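Read off the chains here:
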2 protein chains.
Amino acid sequence: MATNIRDVAKAAGVSVATVSKVLNGYTTVSQKTKERVLRIVKETRFQPNAAARALVGRRSMTLGIYLTTGLTHPFFASILSGMELALKAKGYDLIYLSQLTFNKDYSFVRHCQSRNVEGVVIFGFQEDDAYFKELLESGLPSIFIDMDIVGQRAGYISSDNVDAMCHSISYLRELKHRRIAFIAGIVESYVGRLRYDGYKKGLEIAGLPFREDYVAHSIFTRESGYSAMNSLLELPPAERPTAVVCCSDMCAIGAIDAIRDAGLSVPGDISVIGFDDIELARNVTPALTTIRQDMIAMGRKAVELLDELIVDEMFASPTAIVPTELIVRDTCAPAKEE
Amino acid sequence: MATNIRDVAKAAGVSVATVSKVLNGYTTVSQKTKERVLRIVKETRFQPNAAARALVGRRSMTLGIYLTTGLTHPFFASILSGMELALKAKGYDLIYLSQLTFNKDYSFVRHCQSRNVEGVVIFGFQEDDAYFKELLESGLPSIFIDMDIVGQRAGYISSDNVDAMCHSISYLRELKHRRIAFIAGIVESYVGRLRYDGYKKGLEIAGLPFREDYVAHSIFTRESGYSAMNSLLELPPAERPTAVVCCSDMCAIGAIDAIRDAGLSVPGDISVIGFDDIELARNVTPALTTIRQDMIAMGRKAVELLDELIVDEMFASPTAIVPTELIVRDTCAPAKEE
DNA sequence: TTGAAAGCGCTAACAG
DNA sequence: CTGTTAGCGCTTTCAA
C-alpha cells in the first residue's frame, strides 16, 4: 500500500495534483493519464488519508449517532441496520457519540465540530433540551428520530403513530369489539401523545364513543402496563373492556400478566394489541399481535435526509413519516356476543 | 469558539507552540503562561481539530468495532455499553465498521489505515478468515471477543465457558440430578467447543459418567434446540435425562417448547439451564435459569486491553477470561426420587 | 492538460 | 521558558 499520494504520483510519473484530480473525479485529466494513475492506485492499493482530506477543508465523510435512551433500547440495532445501508451507499462512516462523554462543559455538539462530524442522528426521548438548543443553533445538520424537533438544519423522522392506532382499532372493530380500552404511555412524550391521539381518532372512525375510564396510564414498561391493566379490570364486569390497545409491547405484556392474574384469558376474555414488535413480541406465549415499526426504513431514511441536509445548504427542515404494519399473531379473538 | 490554535495564541499573547505545549501537558511551560492559555482556551471554548492532530502523525484517538454476527446479536448493546465506559476513561472515539462496506478489494483493515483507526475490537463467530489473516499481518492492534485468535498485536477476551458449565452441572447435582443431558452448539465454534468441554469436565467433577447419547446437537437457535430436545426425548423413559444444560438461551427455550409439546413439564419433569442470560431469559414463563455472561465487563476489558496494545509496543497477545454467574430462576427443580 | 505551490490546523524539533 | 519553523497528506488555485 502506497503510503501517500506522492508515492502514487511518482510511480505514475505525474504530479500529486494530477493524482488528486483523478481521485476526485475531475474531468480535466486526459484519458491516458487518468488510466495510468488509476492503475497505480489499484496496484498499490492506495487509500487517501482521511484526516488530511478532512483537514484540507472538504468533507470528513463522518456522521454521528447520539442516543438519549441508552444502548439497551430495543430499536437501536434495527436503526443502525437501516443506517448501515444508506451509510454505505453514500460513503459515510459512523461515529458513536456516547452520552457518557459529554456534559455541560463539553457537549457532543462541540465534539462533532472538533471531529469534523458532518451531521448527526439523534434517537430517543427528549431529555436534555439544553443540548438540543445548542445543536439547533450550531447549524450542525441533524435528524431526530421519534422527536418532532425541526430547525433550519434539523428535521425528524417518525412512524405514523396515529395511523397505526387507527389500524389496530379498526382490526378490533372487525372482530366485533366495541369496548376497546387504551393503555397510554407517557403523554408528554412525542410518541405517547400521538398514540393517544391515534386512539381517539381510531374510535371516532370506528364510530365508538371515547370513554375517559377506558384510558389507563403507564410509562411504556411491563410493570406499569400491569398496574394500568389492573385499574381497567376494576370496572364492573358488564362494562369491562373486551380489548385493550397498548402504547408498547412491554406494556402489553404487563397487561397480559394482569389479565391472567385476574383469572381471565388472552385472547379468550380480552384481546390485546401491542406497539413496536420488539423481539419479545413473537417469543412470548401467546405471541403478541402488535404494530411493527419499520426501524430499518427509519434508520436508512435518517441518513438519506441527513445527507441531503449536508449536501444542499438550501434543504431545510426535512421530515418523514414512515408507515407501520399490523402484525397479527395470537392475542386477539372475536368478541363474544354481547 | 476559537477556530484554531492561532486565535488562541494571539488572544493569550503567546506562540502557537506554547499553546500546543499547554494543551498536550508539557511541563516546560511556566505556571503563569499555562494558566493564561488555559483561561483563554476555556473562554473561547477552543477544541483542537482532531483531523489536524491525527494528520501530524500522533494519535487519532479512534477505535473501531467490527461485528461478524450482524447487528441483531443480543450482546451487541451490552458490549458497547461496556466499551463506552473505557472509551470515556481513555478518551477514545468509536467508529462503527460496517460489514456491508467491505469486500475482497477493500477490507476493513485498509479502511482503518486510511481513517487512522488505532485499534479494533472484533466480535462474533469466526467467519471470514481472510480478513483476520490480513488483520493479524497488518499489525493493527485488535481484540477479539469470543474467538481465540492471538497474534503479535492481537489478543482475545472470552467468558469462562468451561467453568460456567461446571457450575451449572454442580448446581443440578445439588438438586440430586444424575441424568444430565447437554444440547451442544456448533462444536466448530470457539464457544461451542468450550461449552462442550465444560460439560464433560462438569460431569467428571460431579462424578457422573459421560454418555454419548446424552449429547444432542444444535446451532444455538430456538428451532435447533427444539429438535435436539426431541431427539433426547426419544430415549426410553427410564433412561430419559432429568435435566438438560444448553449451549444458549434460545436453544434452551426451544428445548422447553419440545418438553411441553411432549406433554412433560419444566421444571416438574425436566430441569433446564440456558447460557447467556439474554433479555428473553427473564421474560419467558417459567423464567429461565441460566448462565450470565458479563458482556459489560468484556466490552470494557476489550477497550482496556486494546489501549495497552496501542500504547505499549511490547505488550503482546493479551488475553482475558471473564467469570460468569449462574442466575437461578424457575426452570430447575430437585430430581424426583429414583 | 499538467504541475508548482500555498495552506488546512496542529505538533515537535530546534534555536534562542 | 518561549518562539520559529518544518512538515503531516491532501486539495485547489493559478500559471504554464
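Summarised in this report is the structure supplied together with it. These numbers were taken from a predicted model, which means no experiment stands behind them. (Residues numbered from 1 in each chain as written. Chains lettered and ligands numbered in written order. Predicted model: local features only at pLDDT ≥ 70, side-chain atom pairs only at ≥ 80, totals over all residues. Heavy atoms only, no water.)

### Overview of the sheet that holds strand β7 (residues 215-217) of chain A
Residue and element names in this part refer to chain A. Put simply, the rule is: Any two strands are treated as partners once DSSP identifies two or more bridges connecting them. In this text, helices come from DSSP runs of H or I with a minimum length of four residues, and strands from runs of E with a minimum of two, each type numbered from the N-terminal end. Structural elements are reduced to axes, namely lines fitted to C-alpha atoms, with helices fitted over the stretch in contact, and the angle between N-to-C directions of any two is expressed from 0 to 180 degrees. Pairs of residues are marked as contacts when any of their non-hydrogen atoms sit within 4.5 Å.
In spatial order, the strands read β7-β6-β8-β9-β10-β12; together these 6 strands make up an open sheet with mixed pairing. Because the sheet does not close on itself, it has two edges, and the strands there are β7 and β12 (325-327). Going across the sheet, the axis of each strand differs from the next one's by a mean of 20°, ignoring polarity. Bridge count for strand β6 (residues 180-184) against β7 is 3 bridges, and the pairing is parallel. Bridged to A184 within β7 is H217. Against the sheet, helix α11 (residues 249-261) makes contact with β6, β8 (243-246), β9 (271-276) and β10 (289-292), and its axis sits at roughly 160° relative to β9, the strand it touches most.

### Details of the protein's contact with DNA strand C
Here is the rule we go by: Note on definitions. A residue lies near a molecule or strand when any single heavy atom of the residue is within 4 Å of it. Polar contact is defined as a pair of N or O atoms within 3.5 Å, subject to the rule that within protein one atom must be able to donate a hydrogen and the other to accept it, and that residues adjacent in sequence are counted only when both atoms are side-chain atoms.
Around DNA strand C lies a shell of 24 residues, among which T18 and K21 of chain A together with I5, Y26 and R53 of chain B are the nearest. A breakdown of the atoms of DNA strand C within 4 Å of the protein gives sugar and phosphate a share of 71%. Contact distances for DNA strand C include 2.9 Å between a phosphate oxygen and a side-chain N or O atom of T33 of chain A. I5 of chain B has a polar backbone atom sitting 2.2 Å from a phosphate oxygen of DNA strand C.

### A closer look at the layout of surface pockets
To be explicit about the condition: The rule is simple: put a 1 Å grid over the protein atoms alone, call a set of points where a 1.4 Å probe fits but cannot get out a cavity, call an open set with protein on both sides within 12 Å along at least five of seven lines a pocket, and count a residue as lining if it has an atom within 4 Å of a point. Grid points are joined across faces, edges and corners, and a volume is the space filled by probe spheres set on the points. By the convention adopted, Pro, Cys, Tyr, Trp, Phe, Met, Ile, Leu, Val and Ala count as nonpolar, Lys, Arg, Asp and Glu as charged, and the other residues, Gly among them, as polar.
In this structure, the second largest pocket occupies an estimated 1,200 Å³ of space. Elements with a contribution of two residues or more to the lining of the second largest pocket: α1 (5-12), α2 (16-23), α4 (50-55), α5 (76-90) and β2 (93-97) of chain A together with α6 (108-114) of chain B. By residue class, the composition of the lining of the second largest pocket is 17 nonpolar, 12 polar and 9 charged.

### Structural notes on the pattern of salt bridges
Residue and element names in this part refer to chain A. Under the convention used in this document: Take a side-chain nitrogen of Lys or Arg and a carboxyl oxygen of Asp or Glu: if they are within 4 Å of each other, that pair is a salt bridge. When a residue's accessible area, from a 1.4 Å probe over protein chains only, is under 20% of the maximum for its type it is buried; when over 50% it is exposed; and in between it is partly exposed.
Here the structure, examined in full by the defined rule, presents 28 salt bridges over all chains. Across the pair R39 and E43 runs a salt bridge, and its minimum N-O distance is 3.0 Å. Taken as a pair, R39 and E43 lie in helix α3 (residues 31-44) at a separation of 4 residues, close to a single helical turn. Classification of E43 as exposed rests on a relative accessible area of 52%. In this structure, a network of salt bridges that share partners links the residues R211, D213 and E239.

### Let's talk about the sheet that holds strand β11 (residues 319-322) of chain A
Pairing within the open sheet is mixed, and its 12 strands lie in the order β11(A)-β5(A)-β4(A)-β3(A)-β1(A)-β2(A)-β2(B)-β1(B)-β3(B)-β4(B)-β5(B)-β11(B). Taken across any chain shown, the strands that pair with only one partner, and hence form the sheet edges, are β11 of chain A together with β11 (319-322) of chain B. Direction aside, the axes of adjacent strands within the sheet are offset by 20° on average. Examined bridge by bridge, strand β3 (residues 119-123) of chain B and strand β4 (residues 142-145) of chain B share 4 bridges and lie parallel to one another.

### Here we look at the relation of the copies chain B and chain A
Worth spelling out the cut-off: Our superposition of the copies is a least-squares fit, built on the C-alpha atoms of residues whose pLDDT is at least 70 in both.
Once chain B has been moved 0.0 Å along the axis and rotated by 180°, it coincides with chain A to within an RMSD of 0.1 Å. Each copy turns onto its partner about a two-fold axis. Comparing interface residues between copies, 100% of those in chain B also lie at the interface in chain A; the contact surface is shared.

In short, geometric facts, not functional conclusions.
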